[in-house]
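So you can see what is in the structure, the chains are spelled out below.
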Amino acid sequence: MTETKPPADIRIMSLPDSVPPPMGLILLADPNQEQVAEYLRYCLILVAIHSDLTVGVLALSPEGKTRAEIKVLAVAPGYRRKGIGKLLLQEASERARRLGFTELQVCTGNSSIKPFQLYQQAGFELTDVRWNYFTHHYPQPIVEEGIVCKHQLLLTKSL
């Protein structure tokens, strides 16, 4: 399956503080509601909008003076493989660079094959594996494409 170009009228924008984040989308990428509620408090939320519908979301968090982390990246099922995740990653990279960060990291699961591919295509490199992270930190097993998610893969990109 190949990626197509995003619809021409996709807008990437910061979510205003007064607007609640699109939790339905966020929980597609990270089903741990408690953890999500904790880290979203510190994040810049970027959204992809198509025809007044939020079709993608990315949460960017400072993790020290030089490093920012993408805490979540999610695209609505009907909009996947259309370049929206790529647009969100590009905007997050640019914003992190403008804010003075020199490194951007993202974590994903061993079962998240498509996101792992997307991150590598966007210039991220695998820098660490946190063995059994998901089995220790998530109350319910996560299964994607028939693969049990056990290990967290950490990827890093220089800005």
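Given the structure is predicted, the values throughout are model-derived calculations rather than measurements.

Draft legend 1. Quick look at the nonpolar core. Core analysis: the biggest nonpolar cluster contains 39 residues, and Ile45, Leu58, Ile70, Leu73, Ile84, Leu89 and Phe124 have the highest contact counts within it. The element that contributes the greatest number of residues to this core is strand S4 (residues 67-75), accounting for six residues. In this view, isoleucine 45 contacts Met13, Ser14, Leu15, Leu40, Val57, Leu58 and Ala59; residues no more than four positions away in its chain are not counted.

Draft legend 2. Quick look at the side chain of glutamine 152. Structurally, the position occupied by glutamine 152 is in strand S9 (residues 152-158). Residue contacts for glutamine 152: discarding those within four places in its chain leaves Cys107, Thr108, Asp128, Val129, Arg130, Tyr133 and Phe134.

Draft legend 3. Seen up close, the sheet that holds S4. Taken together, the seven strands give an open sheet; going across it, the order is S1-S2-S3-S4-S5-S9-S6, and neighbouring strands pair in mixed fashion. Since the sheet does not close on itself, it has two edges, and those belong to strand S1 (11-14) and strand S6 (125-130), each with one partner. Each adjacent strand pair in this sheet contributes to an overall mean axis angle of 25°, direction not counted. Bridge count for S1 against strand S2 (residues 44-50) is four bridges, and the pairing is antiparallel. Bridge pairing links serine 14 to leucine 46 in S2.

Draft legend 4. Spotlight on helix H3 (residues 84-98). In this model, H3 (15 residues) spans 21 Å end to end at C-alpha, consistent with the 21 Å of a helix rising 1.5 Å per residue. The complete set of buried residues in H3 reads Ile84, Gly85, Leu88, Leu89, Ala92, Ser93, Arg95 and Ala96. Glycine 100, located one to two residues past H3, shows a positive phi value of around 95°.

Draft legend 5. Here's a closer look at the pairing of S9. Counting buried positions over the seven residues of S9 gives six, a clear majority of the element. In the sheet, S6 pairs with S9 via five bridges, with the strands oriented antiparallel. Residue pairing across strands places arginine 130 opposite glutamine 152, the latter belonging to S9.

Thresholds applied
Residues numbered from 1 in each chain as written. Predicted model: local features only at pLDDT ≥ 70, side-chain atom pairs only at ≥ 80, totals over all residues. Heavy atoms only, no water. Core = buried A, V, L, I, M, F, W, Y, C linked by side-chain atoms within 4.5 Å. Buried < 20%, exposed > 50% of the residue type's maximum accessible area, 1.4 Å probe, protein only. Helix = DSSP H or I, 4+ residues; strand = E, 2+ residues; numbered from the N terminus. Contact = heavy atoms within 4.5 Å. Pairing = 2+ DSSP bridges. Axes fitted to C-alpha atoms, helices over the stretch in contact; angles between N-to-C directions. Expected span 1.5 Å × (residues − 1).

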